[in-house]
Amino acid sequence: ISSSIPEETLKTYAKDMQKLPGAIMVMNGTVGGINNIMPTIDMLTKMSCGKTVNELKKEDTKCPMARTDINPFLFRAFDVQAVPAFVYSEVPYNELMQKVTMGDNITGGFFRFSGDVSIDHALFRFEGEGVAVAKTMRKQLKSGGFYEGM
């Protein structure tokens, strides 16, 4: 994801991603540089909660956040050139992170595309590429998520 994506699109992605355990949004870097992290944190809280960190503090409100990593290694490893981009990897996340931080290339076992589409459409595309778990994830997304009824 990126701060260049419209806020309403990011909010929709965050809402949908919260329904999908194991799904992670990834940013290439921070908003305005690493020396001032608050614009990035505010973007992420607005995306998930509709409010900045200070607004949440004033209201003493807690808000579930969509899982988001800031990780330029993943952008390079999957050759992400445009956002929003959607990537499915068969390699478990912890293994993937170990590989990319060591500088290893990811040469197979993933599917990637870019485009301004919904999470449901992205999963539909993955399903069409033979990603079996995408069908289950689409059901979770449409039913209200993994945690519904727990």
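Residues numbered from 1 in each chain as written. Predicted model: local features only at pLDDT ≥ 70, side-chain atom pairs only at ≥ 80, totals over all residues. Heavy atoms only, no water.

### Regarding the environment of Leu96
Here Leu96 is to be found in helix 5 (residues 93-101). Spatially, the C-alpha atoms of Leu96 and Ile106 are 8.3 Å apart, while their sequence positions differ by 10 residues. Apart from the residues lying within four places of it in its own chain, the contact partners of Leu96 are Leu74, Phe78, Ser89, Val91 and Ile106. (Helix = DSSP H or I, 4+ residues; strand = E, 2+ residues; numbered from the N terminus. Contact = heavy atoms within 4.5 Å.)

### Some details on the pattern of salt bridges
Opposite charge on two side chains lets them pair, provided their charged atoms get close. Applying the stated criterion across every chain yields a total of seven salt bridges. We note a salt bridge from Lys46 to Glu7, for which the minimum N-O separation is 3.9 Å. Of the two residues, Lys46 sits in helix 2 (residues 38-49) while Glu7 sits in helix 1 (residues 7-17), which places them 39 residues apart along the sequence. Judged by relative accessible area, Glu7 falls into the partly exposed class, the value being 38%. (Salt bridge = Lys/Arg side-chain N within 4 Å of Asp/Glu carboxyl O. Buried < 20%, exposed > 50% of the residue type's maximum accessible area, 1.4 Å probe, protein only.)

### Brief notes about the state of the cysteines
Tallied over the full model, the rule gives one disulfide. The disulfide that involves Cys49 links it to Cys63, with 1.7 Å between the sulfurs. When the S-S torsion is -105°, as for the bridge of Cys49 with Cys63, the disulfide is left-handed. Taken together, the residues Cys49 in helix 2 and Cys63 in the loop between helix 3 (53-59) and strand 2 (68-70) connect sequence positions 14 residues apart. For Cys63, a relative accessible area of 24% corresponds to the partly exposed category. (Disulfide = S-S within 2.5 Å.)

### Quick word on a nonpolar patch on the surface
A grouping of Ile34, Ile37, Met38, Ile41 and Ile70 is seen on the molecular surface, where their side chains present a nonpolar patch of about 400 Å² in accessible area. By the element assignment, Ile70 lies in strand 2. (Patch = residues over 30% accessible without salt bridge, like charges linked within 9 Å, V, L, I, M, F, W, Y side chains within 5 Å. Areas by Shrake-Rupley, 256 points an atom, 1.4 Å probe, with all protein chains shown as cover.)

### A word on the layout of surface pockets
For the largest pocket, the calculated volume is near 860 Å³. Every residue lining the largest pocket is counted, 36 residues in all, and those nearest its centre are Met17, Ala23, Ile24, Val87 and Tyr88. Taken together, the elements giving at least two residues each to the lining of the largest pocket come down to helix 1, strand 1 (25-27), helix 4 (72-77), strand 3 (85-89), helix 5, helix 6 (119-128) and helix 7 (133-143). Along the lines of polarity and charge, the residues of the lining of the largest pocket split into 31 nonpolar, four polar and one charged. (1 Å grid on protein atoms, 1.4 Å probe; cavity = no way out; pocket = protein on both sides within 12 Å on 5 of 7 lines; lining within 4 Å. Points joined across faces, edges and corners; volume = space filled by probe spheres on them. Nonpolar A, V, L, I, M, F, W, Y, C, P; charged D, E, K, R; others polar.)

### Quick look at the packing of helix 1 against helix 2
For the pair helix 1 and helix 2, the least separation of the axes is 7 Å and the interaxial angle reads 65°. Looking at the two axes, helix 1 sits roughly perpendicular to helix 2. Relative to helix 2, helix 1 is oriented so that their crossing is right-handed. Residues Glu7, Leu10, Lys11 and Ala14 of helix 1 lie in contact with helix 2, whose contacting residues are Met43, Lys46, Met47 and Ser48. (Axes fitted to C-alpha atoms, helices over the stretch in contact; angles between N-to-C directions. Parallel < 35°, antiparallel > 145°, perpendicular 65-115°, else oblique. Left-handed = near helix turned anticlockwise from the far one by under 90°.)

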